[in-house]
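Spelled out from the first residue to the last, the chains are:
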Amino acid sequence: MNLCHKINYPALRNRCIISYRTIPFHFMKQVIIGMLLLILSVFPLFGAGDVSPDSLDRKAGQLLSRMTLEEKVGQMLNLGLPTILTGGYWDPRDTAVFDTARVAYYLGKYGAGSIHNMPSSNVLPSAAFWFKMVKYIQDYAMQHTRLGIPVVYGIDDIHGANYVKGSTLLPQQIAIAATWNTDMAYRSGYITSYESRAASLPWNYNPNADIAYSPLWGRIGESFGEDSHLISEMVLAYMKGSQRNSLEDTTCTAVCVKHFLGYGAGINGKDRANALIPENYLRQYYIPPFKKAIDAGALSVMISSNAVNGLPCHINKYFITGILKGELGFKGVVVSDFSDVEFLVGAHQSAADMREATRLAINAGLDMIMHPFDAKIVDIILDLVKNGEIETARIDDAVTRILRLKFALNLFGNPYNDPSGYPLLGSEEFSRENYSAACEAITLLKNDAVLPLPKNSKVLVTGYTAHSQNCLNGAWSRTFLGQETKFNDPSKLTILDAIRKNAGEENVVYVQGTDYLKDINSNEAEEKAKEADYIIVCLGEIPATEKPSDIYELDMPSAQQELVKKVAKAGKPVILVLVEGRPRIIREIESLARGIVMAYLPGDEGGRAVADILYGDVNPSGKLPYTYPRNTGNILTYWHKKTDIRDVHWEFNGFNPQFEFGYGLSYTDFKFDNLTLTADTLTGDQLLTFSVDVTNTGRQSGKEVVEVYLKDKVATLSPDVKKLIRFTKTELKPGETKTVSFTLSKDDLSYIGFDNKPVLEEGDFELQVGGDPGKLLIKTFCYTLNKS
């Protein structure tokens, strides 16, 4: 009989993917019986049920003991999907057809342990199409290899299951951070995981736990901002929403926390740039978000593409084996980023060739190598082991971690998921949650008695980002850069669409004004401005990530600023809407605007959320998750040292951002008072509880963030001017008062010294509490050590 495997997808129908020559029935019967016996012999290893750490170790250990060296090393290969499709890797294919010879070569001969990526930037697979692709891959891996080990499929689900047609495109991480609401991060993780598993994609290369130290960094929009504590809490919440109680739940995905370590701190603000970070700073600021996730059960970590202090992270054994696997006790998979072992040769120049690069990376502690184009690295590893340059124990450690991940995901029992079992994919329920997240993120930065707008007013809408879904979504939106328009959902509203819906088309005039960098028809906008009651100018960035996102100036592009200057000549109230990941400098035009709304990258529901805030249907409650600089020559995080802000007059007035970290206005007013501490001295291991009253003194309901900062007044190592240690968000009706309480311990008071260990010193500390970083309530308390 003739066996032919087909993918039942319109573009692939009737294409024979795998064919076998005619096989005698009696021989086929013997083969089937043999396969069944093999499956039954190892079924206890692969069965569902116990996913406790001990059980995962036992299952992985038993399977590892059956594997040859070649099978083990194959598991360490993370291959790009296009490598097993017909055509070249970067071909602009419009469908996905498996190349049977390549499939047999990479999955059969080499037993690749993992696959990642999209078919091409021209293809947006539905969940059903993903299911068929993943099913084909898993069926081949489990039926045509000796031990039937499934592949673990990884994907960059950066703000939702962004590579699945019809999925929910959520706000980017920087916008989620701006909500200052960990529930939003949890739901973001939940929705992303649900819709990813609907497409049989169980492993997500997210969340981003990087500290966005430089506002020039192009991936700041994918981060949770500049503060270690805020990032830690958001990463933890996202991870809990993704993994929840058990990865056997087929609505959960395994997260891959990234990028370890110091990726967002390149000295020139560019992607993958070398970072200079003292080790005590690494431990004080950069490691805590990773530790938080690892302590809560993160199962994989991606290594940073850059170098820290000159040593590429991918070969930094101290970082990977010493700190990550050693001190932090990480038992999950450590995976490289895209082609980064190869880049050790051509980019970092830290290895003479791929053999040396591979030896350094594996011995540093790398478990899985994202080597997308071929399996040559497998042969290199095998040769290195056989020549004694990599110990077998190192290979066993790596493969044990990979197998643990696969068992934790129950891929042996459920290697793929029928999308019909996921009715909430792209649902109205998820859209409502998406809209709520966007509304909570959007931050009102300025309101000179202009917002909200009356709905019967005549408005001019102009600017590069006014009529673009792509700008609202940013990168990783259906395609890598997020610039392709053909995949946009026509049911989703741009800012212009939503304003027209709110105010009525007869009240709205639209003129594009500019492109990202160039003038289009700003003179026409200038003329139309004279006829408007209000002028809404939507500014921002072109969608981009990684190297394409590098910029050389932080200022908002001059063409966009000139548009603001032109329309402002009409003398009508100007409202700026900023659609951007980075805080692009607007110093020259800020004074021309009576209202400024920071939208960040708010996702598919962002247009509707922006319009509803402009017209008062939603009360804004977002707060900046980073410092918004005023000048390119004065870029500082809020957690700087006092000496950093000494000015030309020898005073300490040199920190003058456009808007401070944690800043954001509301359409109502809040009052903070009665900051009370249970004691004015904290001794030894005691806990200190404190509370503050928050009152809505305005006329409408609103949400306010209670921000808690700590300042060490004197420390041997010069202290930060303040650091965030607690926060919560609360909703209050007009006239309502809530008392919010927190507890702190000695751990909150320590810092990392030059010996790279925590230092706790006696002395005075300031507790600073409020919702406006410029108007914080302050109480001082003293810490003393235990007296013996």
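Residues numbered from 1 in each chain as written. Predicted model: local features only at pLDDT ≥ 70, side-chain atom pairs only at ≥ 80, totals over all residues. Heavy atoms only, no water.

1. Looking at the environment of Thr-494
Structurally, Thr-494 can be placed in the loop between helix H17 (469-473) and helix H18 (495-503). Using a relative accessible area of 5% as the deciding quantity, one classes Thr-494 as buried. Separated by 68 residues in the primary sequence, Thr-494 and Glu-562 have C-alpha atoms spaced 23 Å apart. Thr-494 has contacts with Ala-466, His-467, Ser-468, Gln-469, Leu-472 and Gly-607, leaving out every residue within four places of it along the chain. (Helix = DSSP H or I, 4+ residues; strand = E, 2+ residues; numbered from the N terminus. Buried < 20%, exposed > 50% of the residue type's maximum accessible area, 1.4 Å probe, protein only. Contact = heavy atoms within 4.5 Å.)

2. Comments concerning the packing of aromatic side chains
Counted according to the given criterion, the structure contains 30 aromatic pairs. Measuring from centroid to centroid gives 5.7 Å for Tyr-464 and Tyr-516, while their planes differ by 45 degrees, and the two rings are tilted. Of this pair, Tyr-464 sits in the loop between strand E15 (459-462) and H17 while Tyr-516 sits in the loop between strand E16 (508-511) and helix H19 (522-529), placing them 52 residues apart in sequence. Pairing Phe-765 with Phe-781 gives two aromatic rings, centres 5.8 Å apart and planes at 20 degrees, and the pair type is stacked. (Phe/Tyr/Trp six-rings, centres within 6.5 Å; stacked < 30°, edge-to-face > 60°.)

3. Focus: the nonpolar core
Judged by nonpolar contacts, the single largest core of 137 residues is most densely connected at Trp-130 and Phe-260. By residue number, the principal contributor to this core is helix H5 (residues 127-143), which donates nine residues. Those residues in contact with Trp-130, other than ones at most four positions away along the chain, are Asn-117, Met-118, Pro-119, Pro-125, Tyr-153, Ile-155, Tyr-163, Val-164, Ala-199 and Leu-201. Counting 41 residues, the second-largest nonpolar core is a separate cluster that includes Val-450, Leu-453, Val-508 and Ile-575. (Core = buried A, V, L, I, M, F, W, Y, C linked by side-chain atoms within 4.5 Å.)

4. Thoughts on the pairing of strand E29 (residues 777-784)
Sheet topology places strand E21 (residues 681-683) next to E29; three bridges connect them, and they run parallel. Its bridge partner being in E29, Leu-682 is matched across the sheet by Tyr-783. One ladder, built from seven bridges, connects strand E28 (residues 763-770) with E29; its direction is antiparallel. Its bridge partner lying in E29, Asp-764 is registered against Cys-782. Linking two consecutive strands that pair antiparallel, namely E28 and E29, is a turn of six residues. (Pairing = 2+ DSSP bridges.)

5. A look at the sheet that holds strand E20 (residues 670-677)
Across the sheet, which stays open at both edges, the three strands sit in the order E20-E22-E25 with antiparallel pairing between neighbours. The open sheet is flanked by E20 and strand E25 (737-744), the only strands paired with a single partner. Taken pair by pair, the neighbouring strands of this sheet meet at an average axis angle of 20 degrees, ignoring direction. With eight bridges joining them, strand E22 (residues 688-696) and E25 adopt antiparallel strand pairing. Its bridge partner lying in E25, Thr-695 is registered against Thr-737. (Axes fitted to C-alpha atoms, helices over the stretch in contact; angles between N-to-C directions.)

6. As for helix H14 (residues 376-386)
For H14, every residue scored as buried is listed here: Ile-377, Val-378, Ile-380, Ile-381, Leu-382, Leu-384 and Val-385. The elements touched by buried residues of H14 are helix H3 (69-75), strand E3 (77-80), helix H12 (340-346), helix H13 (354-364), strand E13 (369-370) and helix H15 (392-408). Looking one or two residues beyond H14, the residue adopting positive phi is Gly-388, at roughly 75 degrees.

7. Section: the packing of helix H8 (residues 228-243) against helix H10 (residues 288-295)
It is at 8 Å that the axes of H8 and H10 come closest, and there the two elements cross at 25 degrees. The pairing of H8 with H10 is recorded here as roughly parallel in orientation. Every pair of crossing elements has a handedness; the one defined by H8 and H10 is right-handed. Counted together, Ser-228, Ile-231, Ser-232, Glu-233, Val-235, Leu-236 and Met-239 of H8 and Pro-288, Pro-289, Lys-292 and Ala-293 of H10 form the full contact between these two elements. (Parallel < 35°, antiparallel > 145°, perpendicular 65-115°, else oblique. Left-handed = near helix turned anticlockwise from the far one by under 90°.)

8. Structural notes on the packing of H18 against helix H22 (residues 606-614)
Running from N to C, H18 and H22 point in directions that differ by 45 degrees, and their axes come no closer than 7 Å. By the criterion of interaxial angle, the relationship of H18 to H22 is oblique. The chirality of how H18 crosses H22 is right-handed. Of H22, the residues touching H18 (which contributes Ile-495, Ala-498, Ile-499 and Asn-502) are Gly-607, Arg-608, Val-610, Ala-611, Asp-612 and Leu-614. For the contact of H18 with H22, the residue count by class is six nonpolar, two polar and two charged. (Nonpolar A, V, L, I, M, F, W, Y, C, P; charged D, E, K, R; others polar.)

9. Quick word on the side chain of Glu-222
Among the structural elements, Glu-222 can be located in the loop between strand E6 (203-204) and H8. Those residues in contact with Glu-222 that sit more than four places away from it in its chain are Ile-158, Gln-172, Gln-173, Asn-208, Trp-476 and Thr-545.

Functional significance is not addressed by these values, which are geometric in nature.
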